[in-house]
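Coordinate analysis (summary)
Residues per chain, in single letters:
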Amino acid sequence: MAQAAIDSRITTEVLRGNPARLRRERAMRSLFFSAAFLSVVISAGIVFSLAGGAFDFLRKVNLSTLWSAGWFPRNNLFDVKTILAGTVIVAAIAMVVAAPLVLGAALYLSEYANPRARRFLKPILETLASVPSVVMGFFALAVISPDIVQRFFGSSVPLFNLMAAGLGVGLLVTPLVASVAEDAMHAVPDALREAAFGLGARRRTSSIRVVVPAAVSGITASIILGISRAVGETMIVAIVAGGTGGSLFNLNPLRGGQTMTAAITALATGSDQVRGAGPAYPSLFFVGLLLFGMTLGLNLLSERFVRRVRRQF
Amino acid sequence: MAVTERIAEATREEVRRSLSGRRRDGRETAFSLVLLLTLVVALAVLVVLLLDVARTAVPLLKERGGQVLGNGYSSLPQNAGIKQGLVGSLYLMVFVLVLAVPLGIGAAIYMEEYARDTKLARFINTNIRNLAGVPAIVYGILGFAVFVQLLKPVTGPGTVEGKSLLAGGLTISLMVLPIIIITTQEALRSVPKSIREGGFGVGATRWEVIRSHVLPSAAPGILTGSVLAMARALGETAPLIMVGAVTGFLATPGGILASLQQRFTSLPTLIFAYVKKPEPQFQDLAAAAILVLMVLIFVVNLGAILMRNRYERKW
C-alpha cells in the first residue's frame, strides 16, 4: 500500500483551528452584541433625560401650582389634572369608538369571511394601520369636527374640541387593534369550533360563546395596546383638540382641552415655548416622564395578557 | 339497498352541513351583516378620507402641479410648495437606511443566533419590546435632550442650535430601530434549524453559517420588515417637531452631506405647519401634500407586500 502523502497527525494546533477565522468570529460576535446592547443604552437615555429634566422641574416649581386652575405654563400654573383629564377623555372616546368596530371587524374576518376574502382584506387592514396621524388630524379638523361633531352636538361647540380628537384617534387606532384581535381569534384551534358545531351550534353561537372566550386574553391585550397608542397619540390632538396657550381644567369633551402629548409639543416649539431658568421649560420632561410611565405600564400589562395566551395553546 | 344508500348519503350531507355551522336563519344573516358593517366602516374611513383629500388636492395639482411640487415654503400661499418637505423626507429615509437597518439587523442577529438564555439576554429582549411601544413623542424628547441640547456643537453649531438634519435623522433612526429588530428576529426565527446545522456539520463557525445560510434565507423577511419600518418613518411627525423640523426648512441646496448640519423639514411636518395656518389656500396645499405623502406611503407598503409575496419561502 502506498503511504498517504498527507501527514495525518492530529496536533493541538490543528484542533484549535485557524486563528484568523476565530478572531473574525469573536469580532463579529462583539459587533452584534454592541448593536443589541445599544437598545439598552437607548432605554437608559430615555429614562435619564426624562428623570433629569423632571427632577429639575420639581426643584424649580412651586409645588402648589401642580393642583391649580389649569395648565398655563407661561403663567406658572402646572395643573397636572388638566392634562391628565385631557388625555383620559380623548383615550376614552377613542376606545368607545374603536372597541365595537374592532370586535365586529375581527370577528367577521376570523369567523365569517371565506379564506380568499380574508387573504385580500387582511393586507388592506394592515395598510390602513399605516395612515400617518397627521393625515388623520387634518381629517379631524376638516371633516370630523365641522361635519360630525358640530352638526351632531350643536353649533355652540367650538371647532377645536376634545370630542373630534377622540373620534379621530379612535378611527386611527381601529385598524391596528383589529389586526391584533383578529390574529388572536384566528389562533383559536379549529377543534374548539368543530366541537361546538358538532353539538349543533350556529356560527354566531360558536363565535360568541366559544371563540371569543378562548381568545379573550389576546383581545384584551389588543385593546390595552390600543389604549396605549391612544394615550401616546400626539398629532391629532395637537391639531384639533385646542388648548393652545393653555387650558382650564375641563371635563367636557365638547370643549377644547390639553393632553399630555400636546402639552409637550406646545412647550417645545409652539405657543408655550419658553426658555430660561424658570420651571416652564423643564415641565416638558416632567410630563414626558408621566407619559412614559403610563404607556410603559400599559404595555407591560398587555404583555402579561399575551403571555397568558401562549400558555393556553 | 338503494334506499339505505340514499338515507346514508342524506345523513352524511346533514352531518357535513351541521359541522360547518351553516345553519342559516334570519338572525344569523342579520348578525353576519352587522359584523360586515363594522368591518366596512373600519375600512371605509380611509376611503372617505382619501376621497375628501383628493377632492381638494387633485384640482390644485392639476392647476399648479409643477409649482406645488417644485416650490419651497413661502408665507404667500400662491407661491408655496412642498419641495422641501419631499427632499427632507427623502434625506431622513437615507438616515434610516444607513443607520437603523444595519444596527437593527445586527442586534437581531445577536438576539437570535448568539445569545444564550441568560438574564441579560432576556432583559435585552424585554427592553426591545418595551422600546417598540414607547410613544413617538418620547423619542422626540430623547432626541431633543441628547441631540439638540447635549450634542449641539456636533449636530448644529451656530444659529441652527442643534435642530439640524443630523439630529432629526438620528432621532427617527432610534425610533424605528426596535421595529426593525423585532421584524428581523421573526424573519431569522422562521429559518429552520436544519439549515444552520448543515453548516455547523461541515465545520463552519457561527458567523460563517449566518452569512452563507441564514441571512440569504431570511433576506426576504428582513427586507420586508425594513421597508415597512421605513414607511412608518415616512409618516412620523411628533419626534421631528420636537427636534425642530417645524421651525426650520432646508435652506441649503446641494446634496445631503451639505445639509447635515442645517435646518430641515419633512413632508408630514410641512403638512402640520400648513394645517395650522388659517388661510384656506394653505389648507388646500396641506391636502395636496397629504395626497403626495399617502401615495408615497402606499407605494412603499405595496412594494413591501409584493416583495414578501414574491420571495417568501415556505419551508
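First, a word on what this report is: a plain description of the structure on this page.

**Some details on the packing of helix H7 (residues 190-198) of chain A against helix H8 (residues 203-214) of chain A**
Residues and elements named next belong to chain A.
- Packing of H7 against H8 brings their axes to within 10 Å, and their N-to-C directions diverge by 145°. H7 and H8 meet at a crossing whose hand is right-handed. Where H7 abuts H8, its residues Leu192, Arg193, Ala196 and Phe197 lie against Arg203, Ser206, Val210, Val211 and Ala214.
- Looking at the contact of H7 with H8 residue by residue, the class counts come to six nonpolar, one polar and two charged.

**Some remarks on the interface of chain A and chain B**
- Across the contact, 80 residues belong to chain A and 83 residues belong to chain B.
- Both sides of the chain A and chain B interface together cover about 7,200 Å² of buried area, and 73% of this is carbon and sulfur.
- Remark: the boundary between chain A and chain B carries two salt bridges.
- Seen at the junction of chain A and chain B, the total is 15 residue pairs in polar contact (both at pLDDT 80 or more).
- By residue class, the composition of the side of chain A that touches chain B is 48 nonpolar, 21 polar and eleven charged.

**Some details on the nonpolar core**
- Counting 181 residues, the largest nonpolar core has Ile46 and Leu284 of chain A as its most contacted members.
- Once residues lying within four places of it in the same chain are set aside, the contact partners of Ile46 of chain A are Phe292 of chain A together with Leu131, Val138, Tyr139 and Leu142 of chain B.

**Describing a nonpolar patch on the surface**
- Judged by side-chain polarity, Val295, Phe298, Val299, Leu302 and Leu306 of chain B come together as a nonpolar surface patch covering roughly 470 Å² of accessible area.
- Tracing the backbone through its elements, the reader meets Val299 of chain B in helix H12 (residues 280-311).

**Re the packing of helix H11 (residues 267-276) of chain B against H12 of chain B**
Residue and element names in this part refer to chain B.
- Where H11 contacts H12, the two axes come as close as 8 Å, and the packing angle between them is 160°. Looking at the two axes, H11 sits roughly antiparallel to H12. Remark: the crossing between H11 and H12 carries left-handed chirality. On H12, the residues that touch Leu267, Pro268, Ile271, Tyr274 and Val275 of H11 are Phe282, Gln283, Leu285, Ala286, Ala289, Ile290, Val292 and Leu293.
- For the contact of H11 with H12, the residue count by class is twelve nonpolar, one polar and no charged.

**Digging into the sheet that holds strand E3 (residues 247-248) of chain A**
Residue and element names in this part refer to chain A.
- One open sheet holds the three strands; their spatial order is E2-E1-E3, and the pairing between them is antiparallel. The open sheet terminates on both sides in strands that have one partner only, identified here as strand E2 (77-78) and E3.
- Here two bridges tie strand E1 (residues 70-72) to E3, and the two strands are oriented antiparallel to one another. Looking at E3, one finds that Trp71 is bridged to Ser247.
- Along the sheet, helix H3 (residues 80-112) makes contact with E1, E2 and E3, crossing E1 at roughly 105°.

Reading the values: the criteria
Position numbers for residues start from 1 in each chain and track the written sequence from start to end. Chains carry letters from A onward and ligands carry numbers from 1 onward, assigned in written order. The predicted nature of this model means local features are confined to residues of pLDDT at least 70 and side-chain atom pairs, given and counted, to a pLDDT of 80 or more, with totals for whole chains, interfaces and linings taken over all residues. To obtain the side-chain values, all non-hydrogen atoms of the structure were included, while hydrogens and water were left out. Note on definitions: angles span 0 to 180 degrees between N-to-C directions of axes, and those axes are lines fitted to C-alpha atoms, for helices only across the stretch in contact. Elements are defined by DSSP. Helices are runs of H or I of four residues or more, strands are runs of E of two residues or more, and each kind is numbered from the N terminus. Rotating anticlockwise by less than a right angle from the far helix to the near helix defines a left-handed crossing, while the corresponding clockwise rotation defines a right-handed one. Whether two residues are in contact is decided by their heavy atoms: any pair within 4.5 Å suffices. Lys, Arg, Asp and Glu make up the charged group, whereas Ala, Val, Leu, Ile, Met, Phe, Trp, Tyr, Cys and Pro make up the nonpolar group; the residues left over, Gly among them, are polar. Buried area is calculated as the accessible area (1.4 Å probe) missing from two parts once they are joined, with the contributions of both summed. The term salt bridge refers to a side-chain nitrogen of Lys or Arg lying within 4 Å of a carboxyl oxygen of Asp or Glu. Residues adjacent in sequence count toward polar contacts only when both atoms are side-chain atoms; beyond that, a polar contact is any pair of N or O atoms within 3.5 Å, and within protein one must be able to donate a hydrogen and the other to accept it. For this analysis, a nonpolar core means a set of buried residues of the types Ala, Val, Leu, Ile, Met, Phe, Trp, Tyr and Cys, connected via side-chain atoms within 4.5 Å. Burial classes: relative accessible area under 20% of the type maximum marks a residue as buried, over 50% as exposed, and values in between as partly exposed (1.4 Å probe, protein chains only). Surface patches are drawn from residues lacking salt bridges whose relative accessible area is over 30%; two like charges belong together within 9 Å, two nonpolar side chains (Val, Leu, Ile, Met, Phe, Trp, Tyr) within 5 Å. Here the Shrake-Rupley method, with its probe set to 1.4 Å, supplies the accessible areas, and only the displayed protein chains count as covering residues. Oblique is the label for every angle not falling under 35 degrees (roughly parallel), over 145 degrees (roughly antiparallel), or within 65 to 115 degrees (roughly perpendicular). A pair of strands is treated as paired once DSSP finds two or more bridges between them.

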